Amino acid sequence: MNERRCTDTIEHFVVSAKQMAAIEQRMFKAGMPVAALMEKVSGLITEKIMELYPLTVVSKIGVMVGPGHNGGDALVVARELYLKGYEVKLYRPLVKGKELTQAHYDYAISLRIPVSQAIEGLSECEVIIDGLFGFGMTRSLTGDLAAAVGAINHWSIPVISIDLPSGLDTDTGEVLGSAIEADYTFCLGLWKRAFFQDRSLPYLGKVELINFGIPLADVKAVLGEKEVIKTMSESVARSFLPLPRPLVTHKYKQGHLLIIAGSRQYAGGVILTGLGARGSGVGMVSIAAPTSLKSMLVTHLPEAIIMDCAETESVFGRGGIAELPTKAMEWDNYDAIVIGPGLTLEARLILPLVLEATTPLIIDADALNTIAQSDPMTALKSRSETTILTPHPGEFKRLFPQLVTETNDFITRTQIASEQTETTILLKGARSIIAGEGETWVIPESTPALARGGSGDVLAGLLGGLIAQSDRENISAASLTATAAVWHAQTGIIASKVHSDLGVDAFTLTQYLSRWIVSAS
Ligand SMILES: NC(=O)C1=CN([C@@H]2O[C@H](COP(=O)(O)OP(=O)(O)OC[C@H]3O[C@@H](n4cnc5c(N)ncnc54)[C@H](O)[C@@H]3O)[C@@H](O)[C@H]2O)[C@H](O)CC1
Ligand SMILES: [K+]
């Protein structure tokens with residue numbers, strides 16, 4: 001495997017609370033003392049806090065201390081900051097705690113670090129450290145705990161959460177009763193699943209992984225092969241791009257993508273998909289679209305071959321594709337097909353034929369909605385070639401209503417849907433999730449600037465173009481899908497820096513697709 005593609009480093013793995021506890025136990029069993037690990041971790045957190053809030057700027061720091069080792073970490077951080085000269089005040093709502101945490105508490109008292117009996121005692125602090133609960137939180141926050149969290153969220157004092165914001169479920173990111181809205185979260189050792197569930201984003205603030213040297217062997221031993229979830233970093237995504245191009249090549253060697261999209265009702269989606277494909281660098285784009293869209297498509301995408309299709313009656317104002325021309329259905333001519341954007345539910349007339357194509361197929365938008373109206377499992381499982389679905393949460397729910405009811409976890413949902421349909425699924429969101437062929441990827445960064453009509457059409461074209469020109473023998477569909485998702489998200493970030501979060505309409509987005517590639521050099 002290409003060395004640059006190595007995802008076997010600590011920063012790439014994502015774990016559940018149960019897996020984290022098992023990994024930690026292996027380290028302890030091998031001889032690493034619990035107290036030594038807590039000192040090491042807390043030393044690193046202290047350094048980060050001092051970088052963010054130097055003594056010259058901030059002096060009063062409040063520390064919330066819980067009963068478990070998250071509270072132990074908080075007490076070590078409190079002690080170190082106190083010894084460095086900060087005015088530290090503790091709040092410990094639960095008197096009982098784990099032995100090591102109690103020992104650190106006793107020592108803090110012996111140093112005369114003040115303790116407030118009520119949360120209000122922390123209201124004058126300039127920063128608050130949240131060490132109430134980490135991955136050991138099992139029950140909902142109630143009573144004094146919930147009230148304390150509510151008070152902190154109400155004040156406008158910056159909050160730093162240790163490991164994860166107290167009150168969030170480590171795996172699903174759900175709020176258990178009430179949760180800290182942190183400004184910064186220092187995730188300890190390995191990324192937890194909650195960091196990649198959309199619902200937890202408003203609570204996490206800026207996130208950073210504190211690498212304290214968990215042995216990779218312990219991670220691999222606990223996760224095995226089946227339960228691996230990885231983040232797709234920018235550098236790994238770049239390594240999956242079809243670069244460098246061979247010096248001697250021609251357009252059909254660089255991939256031929258067929259886009260089947262558009263209707264009279266939704267004429268623009270097909271242009272945006274075409275522009276997304278253009279941005280991918282794919283050698284050739286063919287477009288099958290309703291005949292009345294032809295001249296417009298030629299104007300916007302002069303490089304594409306436009307195959308005009310007979311239209312359905314516009315009784316409902318739809319004007320969708322009634323029939324695909326024979327030329328379009330010579331599937332062997334294409335390296336990938338994208339079907340969906342702007343088709344309307346008239347897609348039902350052509351979809352069964354397209355599903356039979358022996359070409360990698362990306363199914364988006366109305367094609368997904370159309371499949372949802374039939375029997376998705378049977379329709380998708382019967383395909384012989386790679387199939388990629390790109391639903392947003394609404395489309396996902398229409399396709400897999402039962403899964404949405406049965407599991408509260410976006411990652412698990414995507415994995416099960418992928419297994420059941422034998423497809424690769426990209427569940428789009430603030431943190432997109434990709435599952436396919438046993439791989440699971442999460443996308444660690446994006447921007448709300450991309451929450452606009454047409455943004456998904458661009459992604460479908462970009463993904464189709466990437467699949468069409470890639471070395472599919474050596475790169476999985478899931479890896480390429482995650483690469484396209486990173487490319488799309490990072491393009492949004494780059495464009496929003498120039499145009500603001502309000503300025504990244506789908507067309508503008510397409511104009512920045514190549515910037516992400518050159519931004520690395
Ligand atoms: N990852 C590592 O290798 C290290 C992690 N450290 C820190 O340890 C915590 C996890 O510690 P643990 O003691 O297992 O769990 P918590 O601190 O999250 O708290 C568990 C504690 O709280 C009780 N409890 C749970 N829910 C509630 C509730 N709603 N109300 C009241 N009490 C509750 C539960 O019964 C337990 O007693 C990890 O996050 C890191 O911060 C190490 O310090 C370094 C190595
Ligand atoms: K915490």
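For clarity, every value in this text was computed on a predicted model and none was experimentally measured.

Rules used in this analysis
Residues numbered from 1 in each chain as written. Chains lettered and ligands numbered in written order. Predicted model: local features only at pLDDT ≥ 70, side-chain atom pairs only at ≥ 80, totals over all residues. Helix = DSSP H or I, 4+ residues; strand = E, 2+ residues; numbered from the N terminus. Rg over C-alpha atoms; globule rule 2.2 N^0.38 Å. Buried ≥ 20, exposed ≤ 12 C-beta atoms within 10 Å, placed from the backbone. Contact = placed C-beta atoms within 7 Å. Near = placed C-beta within 6 Å. Nonpolar A, V, L, I, M, F, W, Y, C, P; charged D, E, K, R; others polar. Expected span 1.5 Å × (residues − 1). Arc of directions from axis to C-beta.

Chemist: Account for the overall build of the protein chain, with residues named and values stated.
Modeler: Looking only at helices and strands, the protein chain features 20 helices and 19 strands. Its C-alpha atoms give the protein chain a radius of gyration of 26 Å, near enough to 24 Å, the size a compact globule of 521 residues would have. Across its three principal directions, the C-alpha atoms of the protein chain cover 85 × 45 × 45 Å. The burial tally for the protein chain puts 51% of its 521 residues in the buried class. For the protein chain, long-range pairs separated by at least 24 residues make up 73% of all intrachain contacts whose partners lie at least 6 apart in sequence.

Chemist: Quick one: what's the story with the site of ligand 1, residue by residue and with numbers?
Modeler: Looking at ligand 1, there are 28 residues lining it, with Gly68, His69, Asn70, Gly134 and Gly136 nearest. Of all the secondary structure elements, the ones that give two or more residues to the shell around ligand 1 are helix H1 (17-29), helix H2 (34-52) and helix H3 (69-84). The dominant element in the shell around ligand 1, judged by the number of residues it contributes, is H3, at five residues. Partitioned by chemical class, the residues of the shell around ligand 1 number twelve nonpolar, eleven polar and five charged.

Chemist: With reference to specific residues and values, describe helix H4 (residues 99-110).
Modeler: Between its first and last C-alpha, H4 extends 17 Å over twelve residues, near the 16 Å set by a 1.5 Å rise per residue. Three or more residues of H4 are buried, namely Thr101, His104, Tyr105 and Ala108. The buried residues of H4 occupy an angular sector of 105° when the element is viewed end-on, so they sit on one face. The outward face of H4, more than 90 degrees from its buried face, is lined by the exposed residues Glu99, Asp106 and Ser110. The inward-facing, buried residues of H4 contact strand E2 (60-65), H3 and strand E3 (87-91). Among the residues trailing H4, arginine 112 stands out with phi positive, at a value near 70°.

Just geometry here; none of it tells us what the structure is for.
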